[in-house]
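# Architecture and fold: a report
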Amino acid sequence: MRFFNLISTGGLTLAAGLAVSTAAFAASPAPAAPAPAPAAPAGSDRITNPIAEFAGIDKITGRIITFDVYIDETVQFGALQVTPRICYSRPQTEEPKTDSFVEVDEITLDRKIRRIFTGWMFAESPGLNAVEHAVYDVWLKECKQKSDVPAPDAPKAGATKADASKPAAAKPKPAATPAQPDATEPDTTAN
């Protein structure tokens, strides 16, 4: 019996000590709450950019080129016509997230234009929505505020005022593409 009394007495002592420490903890002043972190906006403002930078590969020659396209401007890369409609990015202080809504048309061998892509491209995941064509691939690299390429509506150096008043032709501007053979044959008729 003595053994049982020691165990029960030890248990009571432990229980009493636990009760005293719990009461002491409850009576102690509450720790100061940590200062709240500065509230970050839930969906930070995205930056709308006037220029989308694309990369393209010519699978025949293996050459990769980078070209800038202004929003709502059409640039031809090989047999593809690329037209970005909007280009968003995030501030430098945030995790990069760059996306652009793009339309890509193909000029077929019979000179017809066929839409092959309409949708969002993501610079951080170029393989997600890149345009994969039989000969040419195009993907978004980044969105930019400035470019070395002159804006499509900027007057050219040496242009006269009369030239500036003429409406510009709605012809796509060619990108720096690899040389391609001309599909037209020379005139062989005699004069």
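The sections below set out a description of the structure shown in this document. (Residues numbered from 1 in each chain as written. Predicted model: local features only at pLDDT ≥ 70, side-chain atom pairs only at ≥ 80, totals over all residues. Heavy atoms only, no water.)

Attention now moves to the overall build of the protein. A tally of regular secondary structure across the protein gives two helices and 10 strands. For the protein, the succession of helices and strands along the chain, N to C, is α-β-β-β-β-β-β-β-β-β-α-β. Counting all 191 residues of the protein, 26% fall into the buried class. Contacts in the protein between residues at least 24 apart in sequence constitute 53% of all its contacts with a sequence separation of at least 6. Entry remark: accessible area of the protein is about 13,800 Å², with carbon and sulfur atoms responsible for 60%. (Helix = DSSP H or I, 4+ residues; strand = E, 2+ residues; numbered from the N terminus. Buried < 20%, exposed > 50% of the residue type's maximum accessible area, 1.4 Å probe, protein only. Contact = heavy atoms within 4.5 Å. Areas by Shrake-Rupley, 256 points an atom, 1.4 Å probe, with all protein chains shown as cover.)

Now for unusual backbone geometry. Although it is not a glycine, D72 adopts a positive phi angle of roughly 65°. By the element assignment, D72 lies in the loop between β3 (63-70) and β4 (75-77). Of note, R111 is a non-glycine position whose phi angle comes to about 65°, a positive value. Following the sequence through the fold, R111 ends up in the loop between β6 (99-107) and β7 (113-122).

Right, let's talk about the packing of aromatic side chains for a bit. Following the criterion strictly, the structure yields five aromatic pairs and no others. Measuring from centroid to centroid gives 5.4 Å for F101 and W120, while their planes differ by 70°, and the two rings are edge-to-face. Of this pair, F101 sits in strand β6 while W120 sits in strand β7; the two residues are 19 residues apart in sequence, bridging distant segments of the chain. Given a relative accessible area of 24%, F101 falls into the partly exposed group. (Phe/Tyr/Trp six-rings, centres within 6.5 Å; stacked < 30°, edge-to-face > 60°.)

A few words on the side chain of D105. Counting through the fold element by element, D105 comes out in strand β6. At a separation of 2.4 Å, a polar atom in the side chain of D105 contacts the side chain of R115. Among residues more than four places away in sequence, those in contact with D105 are A79, L80, Q81, I113, R114, R115 and I116. (Polar contact = N/O pair within 3.5 Å; in protein donor to acceptor, adjacent residues only side chain to side chain.)

The next thing to look at is the sheet that holds strand β9 (residues 136-144). Pairing is antiparallel across the open sheet formed by four strands, whose spatial order is β3-β2-β9-β8. Both outer strands of the open sheet, β3 and β8 (131-132), are each paired with one neighbouring strand and no more. Pairing analysis gives two bridges linking β8 to β9, with the strands arranged antiparallel. Looking across to β9, one finds that E132 is bridged to D137. (Pairing = 2+ DSSP bridges.)

Attention now moves to the pattern of salt bridges. One pass over the full model with this rule turns up 11 salt bridges. The salt bridge involving E103 is made with R115; its shortest N-O contact spans 3.6 Å. Note that E103 is positioned in strand β6 and R115 in strand β7, a separation of 12 residues in sequence. E103 gets classed as buried once you look at its relative accessible area, which sits at 14%. (Salt bridge = Lys/Arg side-chain N within 4 Å of Asp/Glu carboxyl O.)

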